[in-house]
Amino acid sequence: MPRAVVCLPTYNERENLEPMLRALGDKGVRVLVVDDSSPDGTGELADRLATELDYVGVLHRERKEGLGPAYLAGFRRALADDAELILEMDCDFSHDPADVPRLIAAAEDGADLVLGSRYAPGGSIGDWGFLRRIVSAGGSWYARLLLGVGIRDLTGGFKCYRRRVLETIDLDAIESKGYAFQIETTFRALRGGFRVVEIPIHFVDRKEGGSKMSRAIAAEAVWRVPALRLAALRGRL
Ligand SMILES: Nc1nc2c(ncn2[C@@H]2O[C@H](COP(=O)(O)OP(=O)(O)OP(=O)(O)O)[C@@H](O)[C@H]2O)c(=O)[nH]1
Ligand SMILES: [Mg+2]
């Protein structure tokens, strides 16, 4: 089995971290927790768990700058550690740890980038309110239309990259911080000619802890999508 590293960004995920790390324990992966100095002590808890669980590592960052910079730091560390597959996933159980082997299997079957997709046939979302559904589905539809791509779930954060994808796309050029980061990485992979495959997942709302989604994050996605298309049209991406 190729060496797989799950990058797990955390900000105030104290209640979720330990169950999540334990749930990933039998999946044959290494886990890199990327914590942005969570005020609730998630980073210290991660250090403690890393001494007990040999498949866990921790990357501490000084301050919260959004998901994008946290993931980029995690990707760079995973690449330096010789990972062949690099996964992204949320630490709030919206993404089911039991799906990790399915993402890895799709990559082993030949995909360069696998997306855990809520909007692919067979995918679904549980217990989200009406507004959240509209915003999410509308966001993916908007990005799909403006970017002219066939991907159904562009904003999800449950993904598995082959090493060569992250080595090829220009990580230094990515400035997206929130959902836009997910859109941008997938768009860059498509532009790079990589094979992107969606596999259906069932997504559930978090039970513990609070959402970090904000208006600023949603607004960033709205303006970055046309900016990405423009950059592509100008041959800059
Ligand atoms: N390191 C780091 N992690 C973050 C940051 N923002 C969010 N996260 C983590 O990224 C994951 C997704 O964040 P959520 O707050 O669940 O955001 P979301 O999934 O877009 O929104 P909800 O569906 O409302 O939960 C979680 O594991 C968070 O702890 C950040 O700035 N830095
Ligand atoms: Mg979440």
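Our subject is the structure listed above.
What counts and what doesn't
Going along each chain's sequence as written, the residues are numbered from 1 onward. In the order they appear in the text, chains get letters beginning with A and ligands get numbers beginning with 1. Totals for whole chains, interfaces and linings use every residue, but because this is a predicted model, local features are given only for residues with pLDDT of at least 70 and side-chain atom pairs only at 80 or more, for both listing and counting. To get the side-chain values, take all heavy atoms of the structure and skip hydrogens and water. Whether a residue is near a molecule or strand is decided by its heavy atoms; if any one of them lies within 4 Å of it, the residue is near. Helix and strand assignments follow DSSP, with helices taken as H or I runs no shorter than four residues and strands as E runs no shorter than two, numbered in order from the N terminus. Three classes are used, and their members are as follows: Ala, Val, Leu, Ile, Met, Phe, Trp, Tyr, Cys and Pro are nonpolar, Asp, Glu, Lys and Arg are charged, and the others, Gly among them, are polar. Think of it in three bands: with a 1.4 Å probe and only protein chains considered, a residue is buried below 20% of the maximum accessible area for its type, exposed above 50%, and partly exposed in between. Here the arc refers to the directions that run from the helix axis out to each C-beta atom. We call two residues in contact whenever any of their non-hydrogen atoms come within 4.5 Å of each other. Between any two strands, pairing holds if DSSP finds at least two bridges. Each axis is a line fitted through C-alpha atoms, and for a helix only the stretch in contact is used; angles between axes span 0 to 180 degrees, taken between their N-to-C directions. Crossover handedness is defined here as right-handed if the route from the first strand over the helix to the second strand goes clockwise, with the strands pointing away from the viewer. Two N or O atoms form a polar contact when they lie within 3.5 Å of each other; inside protein one atom must be a possible hydrogen donor and the other a possible acceptor, and for residues adjacent in sequence the pair counts only when both atoms belong to side chains. Paired rings are identified among Phe, Tyr and Trp, the last through its six-membered ring, by centres lying within 6.5 Å, and are further divided according to the angle between planes into stacked (under 30 degrees), edge-to-face (over 60) and tilted (the rest).

Draft legend 1. Seen up close, the site of ligand 1. In the vicinity of ligand 1, 20 residues are found, and the nearest of them are Glu13, Asp36, Asp92, Ser211 and Lys212. Those elements giving two or more residues to the shell around ligand 1 turn out to be strand E1 (4–10) and helix H3 (67–80). Looking at side-chain class alone, the shell around ligand 1 contains nine nonpolar, three polar and eight charged residues.

Draft legend 2. Structural detail: helix H2 (residues 42–52). What H2 keeps buried is the set Thr42, Gly43, Leu45, Ala46 and Leu49. Seen end-on, H2 carries its buried residues on one side only, within an arc spanning 155°. Along H2, the residues that are exposed and aim more than 90 degrees away from the buried face are Arg48 and Thr51. Those residues of H2 that are buried are in contact with E1, helix H1 (14–23), strand E2 (30–35) and strand E3 (56–60).

Draft legend 3. Structural context of the sheet that holds E2. Pairing is mixed across the open sheet formed by seven strands, whose spatial order is E3-E2-E1-E4-E7-E5-E8. Sheet topology places E3 and strand E8 (196–200) at the edges, where each strand pairs with a single neighbour. Each neighbouring strand pair of the sheet contributes to a mean axis angle of 20°, computed without reference to strand direction. Lying over the sheet, helix H7 (residues 179–191) contacts strand E4 (85–88), strand E5 (113–117), strand E7 (159–162) and E8, oriented at roughly 35° with respect to E7.

Draft legend 4. Focus on the pairing of E2. Where burial is concerned, most of E2 is hidden: five out of the six residues are buried. As paired strands, E1 and E2 are joined by six bridges and run parallel to one another. Note that in E2 the partner of Cys7 across the bridge is Leu32. One crossover worth recording links E1 to the parallel E2 by way of H1, and it is right-handed. The sheet contact formed by E2 and E3 spans five bridges and is parallel. The residue bridging Val34 from the neighbouring strand is Leu59, located in E3. With respect to chirality, the unit in which E2 leads through H2 into the neighbouring parallel E3 is right-handed.

Draft legend 5. Here's a closer look at the side chain of Asp112. Within the secondary structure layout, Asp112 lies in the loop between helix H4 (100–108) and E5. At 2.8 Å, the side chain of Asp112 forms a polar contact with the backbone nitrogen of Arg195. Apart from residues lying up to four places away in sequence, Asp112 is in contact with Cys160, Tyr161, Arg162, Arg164, Val165, Phe194 and Arg195.

Draft legend 6. Examining the packing of aromatic side chains more closely. For the structure shown, the criterion picks out five aromatic pairs. On the numbers, 5.9 Å between centres and 10° between planes, the contact of Tyr71 with Phe181 is stacked. You can see Tyr71 sitting in helix H3 and its partner Phe181 sitting in helix H7, a full 110 residues away along the chain. Exposure remark for Tyr71: the relative accessible area of 1% places this residue in the buried category. Here Phe75 and Phe181 contribute two aromatic rings whose centre-to-centre distance is 6.2 Å and whose plane-to-plane angle is 35°, an arrangement assigned as tilted. Of the two residues, Phe75 sits in helix H3 while Phe181 sits in helix H7, which places them 106 residues apart along the sequence.

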